[in-house]
Amino acid sequence: MSMEPPLGMDPDTIQPLLKSLAESTNAISADVIAVGDGMPIASWGRAVDAGVQGQALSDMREAIRELTRVVAEAETEYTVEEGTVPGFTLMAHSIRHRNFQGSLCLVRRDDEPWITNDYTLLTMAAGLCTSVMEAGKISRDHGRRLDLLVSHIASELMGVSVLDHAETIYRVLGELGRFFGVDTCYLRFNDPELQASVLIDEWPRREHIPEPDPLGVISWDDPISRVTRDLREPFVVRSKDSDDGESYRARVEAGAGIPQASTAMVPLLSGETTRGVLGFVDFSDREWSRAEIRALQAIASLLVQLDARVTAEENLHHHAYHDELTGLPNRRSFVETLTDILKADPDKPLTVLFADMDRLKTVNDVLGHTIGDLFIQAVAKRLRESVRPDDIVARLAGDEFVIALNGVDNAEHAERIARRLLNHLTEPLDVGGHVVSRSACIGLAVNGPTTGAMDELLGNADVALLEAKKRGGNSVVTFNDDLRWRLLDRADLEFRLRTAIGDGEMRLFYQPEYDLRGGHITAVEALIRWQHPERGLLSADTFVSVVEEINLSADLGRWVLNEACRQLAEWKQSSVPAPAVVRVNISAGELISADFVGFVGTLLGRYGHKPQELGIEITESTVMRDIDDVLATLMGLRRLGVSIAIDDFGTGYSSLSHLKQLPVHTLKIDRSFVSTLVNDSGDRAIVAAIVRLAEAFNLSTVAEGVEDVDTVTALLELGCERAQGYLMSVPLPAPEMTKRLAEPGDYLGSNRWMRK
């Protein structure tokens, strides 16, 4: 059903008119278009420049064609009709002149209705277009039309992205098909891996496609496909051609049910490679002019450029949204996908699993990072194979993976899946000749009425994972109300802690340390408390871990040191007997912070203290966390003359060699051993060993957590003569501690202990 293409209008003559019309009516475009044509004869403005792309652009073009058909086929000679597409409104005026039937069509945003003045201007412009035609300003040169076609297609392909690529290709095929009056046109790419030619798209799309589709993937063994594989020049096959024509006719008849057809194909050339072909089929014996073939070659070149640009964009997109090591979606991909899912349906049945492999660092340290990477790849493959195709598996970082289970909205069901995954993950893997097995933890969160947002759902699963790890690994934990309240509690603490120091909400309490034989105070330990504006006085256990997580340790630690030194100066200036030493607990973050030793020296100078009047307490685990940096700081403090104590001694992993290196003065025996000293022979042996160890290194010992008199007796028997605990005194605010210092006395009844 070949047809002669419609006549063209000289754009140099008509475009100033279209420009003036569009600007006067606030239109984004003005087109003169023939009925059934895909390309305007003359136009001004582009919908693409107004942000219309992809399917929306195709819908707009189809609406323009349909509105043009309506006004051109109306019974009255001059007809004006309106139309709409989402976001825009259309108005078209019929144009008829001799064998030309079409319209002048305006498009503008739908926030402004058409008014009478717009109708008047459109009618005048349509009349002027007819006058131009009558004056003979119509180009009858088909070559001129072909040049405009190439320019139009170039404009269509400009700025196309991955998202609207497929829709644009289909639209362009349709415009080419209408322009040349053929029955169908198609785009095929060569696939070296399949050794075949693959159908990318066709216009119009067939309503009934056989299975398998004989036109979908055509092996290069096929005579026609073999020709197109390395095609370098245009290739035309007509039904009357003996071999190729009959082979092609038979294939088209099998795929589309058409008994007779001819085709023209132009290669898509990229350097020395033939990327595919652009083809046209006419259900008759159509001939193709040289000018048409040249135009098609130019358009094929444009399609090759588009393919290269889109392929590069796809590669960039893939790298941006996929993990390089495993090929799984990455954090960005998972977050955006889950956000879109929940935005479309906040109540969607969905469960997020947050999985973490235990002790992967050991694999890297022992077997090397190459084996570690292979192990992660194997874990990713096992995870992907263990869930359904519509579930989402992503790698967030390191040994962390997330899985979104579609359609799972029951915690028990989700836990069963999680435990099955856990069993799969812990099965040994043969990695690079090594059998590697690691346990894992999984935290899960079910989407429900209290979630519905991606950040909250993923955050809940993360909180559940942390709880699973606290339980020792190889466990599954479901986020629940208890964890939710703990999460809200922590969030409140974090929010308020950031201003608590500056707002003066922190307090220091002091717990005295006693000589068990003499009964007098030998030191006081400064203990941080938080006077929360709503919850009252909070102990350090409530908030110190949060302080460390939000990197406020150094700020809080320096405040504590300054306040302890200030209070000691106040006691020394008063009439009460000041304690010989004020001990301050220091975290690992504070200890290795910039110029910590210099800060301590500045405080001693500011308040006029002797170095030995300030004691620094560090836990055994703090010492072992970064032994080299900690040792350097401790040596600096020792040079200042500050006394150093190891707190909670016996709970960490320090060795005799480390203890010998450390410039410490005192070992504080952890309360876990002291509290059961009387009844537990094992703890008694540990305390005895610590006392003997301290004596061997010429160190003093202090027992923590003394709560009854029998413990005092046992400590004295073992040779530990200093202690602190609730038996002697609870931690006291500064005014109460001042009263205790002002009233010297035997708070232990030490004469009794000495008589025994």
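Residues numbered from 1 in each chain as written. Predicted model: local features only at pLDDT ≥ 70, side-chain atom pairs only at ≥ 80, totals over all residues. Heavy atoms only, no water.

Let's talk about the overall build of the protein
At step 1: The helix and strand tally for the protein stands at 26 helices and 30 strands.
At step 2: Projected onto its principal axes, the C-alpha positions of the protein cover 130 × 65 × 45 Å.
At step 3: Classification of the 756 residues of the protein by burial places 50% in the buried group.
At step 4: Put simply, of all contacts in the protein between residues at least 6 apart along the chain, 65% involve residues at least 24 apart.
At step 5: If the 77 positive side-chain charges of the protein are averaged to one point and the 115 negative ones to another, these points end up 5 Å apart. (Helix = DSSP H or I, 4+ residues; strand = E, 2+ residues; numbered from the N terminus. Buried < 20%, exposed > 50% of the residue type's maximum accessible area, 1.4 Å probe, protein only. Contact = heavy atoms within 4.5 Å. Lys, Arg positive; Asp, Glu negative; His and termini not counted. Charge placed at Lys NZ, Arg CZ, Asp CG, Glu CD.)

Some remarks on the packing of aromatic side chains
At step 1: The full count for this structure, using the stated rule, is 6 aromatic pairs.
At step 2: Taken together, a centroid distance of 5.5 Å and an interplanar angle of 55° make the contact between F180 and W288 tilted. Of the two residues, F180 is situated in helix 5 (residues 162-180) and W288 in the loop between strand 13 (273-282) and helix 8 (290-321); the sequence distance between them amounts to 108 residues. Across the pair, W288 and F180 agree in class, each one buried.
At step 3: Both rings, one in Y510 and one in W571, keep their centres 5.1 Å apart while their planes meet at 70°; by these two values the pair is edge-to-face. With Y510 in strand 21 (residues 506-515) and W571 in helix 16 (residues 553-573), the pair connects residues that are 61 residues apart, well separated along the chain.
At step 4: Judged by relative accessible area, which is 1%, Y510 ranks as buried.
At step 5: R205 extends its terminal NZ or CZ atom over the ring of Y170, reaching a point 3.8 Å from the ring centre. (Phe/Tyr/Trp six-rings, centres within 6.5 Å; stacked < 30°, edge-to-face > 60°. Lys NZ or Arg CZ within 6 Å of the ring centre and 35° of its normal.)

Looking at helix 23 (residues 681-696)
At step 1: Taking 1.5 Å as the rise per residue, helix 23 with 16 residues should run 22 Å; its terminal C-alpha atoms sit 22 Å apart, in good agreement.
At step 2: Of all the positions in helix 23, only D683, V687, A688, I690, V691, L693 and A694 are classed as buried.
At step 3: Directly after helix 23, the chain includes N698, whose backbone phi takes a positive value near 60°. (Expected span 1.5 Å × (residues − 1).)

Considerations on the packing of helix 13 (residues 454-470) against helix 14 (residues 481-500)
If you want to describe how two helices pack, look at the angle between their axes and the distance between the axes.
At step 1: The contact between helix 13 and helix 14 brings their axes to 11 Å, and the two run at 100°. As the angle between them shows, helix 13 and helix 14 are arranged roughly perpendicular. Taken together, the residues of helix 14 that come into contact with helix 13 (itself represented by E456, N460, V463, A464, E467 and K470) are L483, R484, R486 and L487.
At step 2: Residues belonging to the contact of helix 13 with helix 14 are distributed by class as follows: 4 nonpolar, 1 polar and 5 charged. (Axes fitted to C-alpha atoms, helices over the stretch in contact; angles between N-to-C directions. Parallel < 35°, antiparallel > 145°, perpendicular 65-115°, else oblique. Nonpolar A, V, L, I, M, F, W, Y, C, P; charged D, E, K, R; others polar.)

Notes on the pattern of salt bridges
At step 1: For the structure on display, the rule yields 44 salt bridges.
At step 2: Between R566 and E570 there is a salt bridge; the shortest N-O distance is 3.0 Å. On the criterion of helical spacing, the pair formed by R566 and E570 is a turn pair, its members being 4 residues apart in helix 16.
At step 3: Given a relative accessible area of 40%, E570 falls into the partly exposed group.
At step 4: Put simply, E513, E525, R583, E617, K668, E704 and R722 are held in one network by salt bridges that share partners. (Salt bridge = Lys/Arg side-chain N within 4 Å of Asp/Glu carboxyl O.)

Quick look at the environment of H532
At step 1: Looking at the secondary structure, you find H532 in strand 22 (residues 521-532).
At step 2: In sequence terms H532 and L497 are 35 residues apart; their C-alpha atoms lie 9.4 Å from each other.
At step 3: Here H532 is in contact with D492, R496 and L538, once residues within four sequence places are set aside.
At step 4: At 3.5 Å, the side chain of H532 forms a polar contact with the side chain of D492. (Polar contact = N/O pair within 3.5 Å; in protein donor to acceptor, adjacent residues only side chain to side chain.)

Thoughts on the side chain of D183
At step 1: Take D183: it is sitting in the loop between helix 5 and strand 8 (184-191).
At step 2: Buried and without a salt bridge, D183 has R286 as its closest oppositely charged side chain, separated by 8.1 Å.

A look at the pairing of strand 8
At step 1: Most of strand 8 is tucked away, with 7 of its 8 residues classed as buried.
At step 2: Where strand 8 meets strand 9 (residues 196-203), 7 bridges bridge the pair, whose relative direction is antiparallel. Considered in strand 9, the bridge of F189 is made with V198.
At step 3: Here strand 8 hands over to strand 9 after 4 residues, with Q195 in that stretch at a positive phi of 55°. (Pairing = 2+ DSSP bridges.)

Remarks on helix 9 (residues 331-344)
At step 1: Its 14 residues place the ends of helix 9 20 Å apart at the C-alpha level, agreeing with the 20 Å of an ideal helix rising 1.5 Å per residue.
At step 2: Buried within helix 9 we find S333, F334, L338, I341 and L342. Mapping the buried residues of helix 9 onto a view down its axis gives an arc of 145°, with all of them on the same face. The exposed set on the far side of helix 9, more than 90 degrees from its buried face, consists of D340, K343 and A344.
At step 3: Capping of helix 9 at its N-terminal end is provided by N330; its side-chain oxygen lies 3.3 Å from the backbone amide nitrogen of R332. (Arc of directions from axis to C-beta.)

With respect to the confidence of the model for the protein
At step 1: The pLDDT averaged across the protein works out to 85; a share of 90% of its residues lies at or above 70.
At step 2: With pLDDT under 50 throughout, residues 1-8 is counted as low confidence; its partners more than four residues away or in other chains account for 23 contacts.
At step 3: Every residue in residues 749-756 scores below 50 in pLDDT, and together they form 13 contacts with partners more than four places removed in sequence or on other chains. (pLDDT = per-residue confidence, 0-100.)

Let's talk about the pairing of strand 14 (residues 350-357)
At step 1: Burial analysis of strand 14 places 8 of its 8 residues in the buried class, which makes it a mostly covered element.
At step 2: The side-chain alternation of strand 14 yields two buried faces, one formed by L350, V352, F354 and D356 and the other by T351, L353, A355 and M357.
At step 3: With 7 bridges joining them, strand 14 and strand 19 (residues 440-446) adopt antiparallel strand pairing. The residue of strand 19 that forms the bridge with M357 is A440.

With respect to the nonpolar core
At step 1: Ranked by internal contacts, the top residues of the largest apolar core, which has 77 residues, are L497, F543, L561, W571, V584, L614 and L715.
At step 2: The dominant element in this core, judged by the number of residues it contributes, is helix 16, at 7 residues.
At step 3: Each residue touching F543, except ones within four places of it in the same chain, is listed here: L497, M506, I528, R529, W530, L538 and L556. (Core = buried A, V, L, I, M, F, W, Y, C linked by side-chain atoms within 4.5 Å.)

Overview of the sheet that holds strand 10 (residues 217-219)
At step 1: Spatially, 6 strands are ordered 10-9-8-13-12-11 in an open sheet, and the strand pairing comes out antiparallel. In the strand order of this sheet, the two ends are held by strand 10 and strand 11 (235-237), each with one partner. For this sheet, the mean angle separating the axes of adjacent strands, direction not counted, is 25°.
At step 2: Pairing geometry for strand 12 (residues 262-270) and strand 13, over 9 bridges, is antiparallel. Paired with T263 across the strands is V281, a residue of strand 13.
At step 3: Each of strand 8, strand 9 and strand 13 touches helix 5; the most contacted strand, strand 9, lies at about 70° to it.
At step 4: Here helix 8 sits on the sheet in contact with strand 8, strand 12 and strand 13, set at roughly 45° to strand 12.

Description of the sheet that holds strand 20 (residues 476-478)
The strands that make up a sheet are held in pairs by hydrogen bonds between backbone atoms, and each pair lies either parallel or antiparallel.
At step 1: Here 5 strands make up an open sheet; going across it, the order is 15-16-14-19-20 and the pairing mixed. Among the strands making up the open sheet, the edge pair consists of strand 15 (392-397) and strand 20. Here the average twist between neighbouring strands, direction ignored, is 20°.
At step 2: Each of strand 14, strand 15 and strand 16 (400-406) is contacted by helix 9, which is oriented at about 135° to strand 15, the strand it contacts most.

Notes on the environment of A694
At step 1: Mapped onto the secondary structure, A694 falls in helix 23.
At step 2: When its relative accessible area of 0% is taken as the criterion, A694 is described as buried.
At step 3: For the pair formed by A694 and T478, sequence separation is 216 residues and the distance between their alpha carbons is 46 Å.

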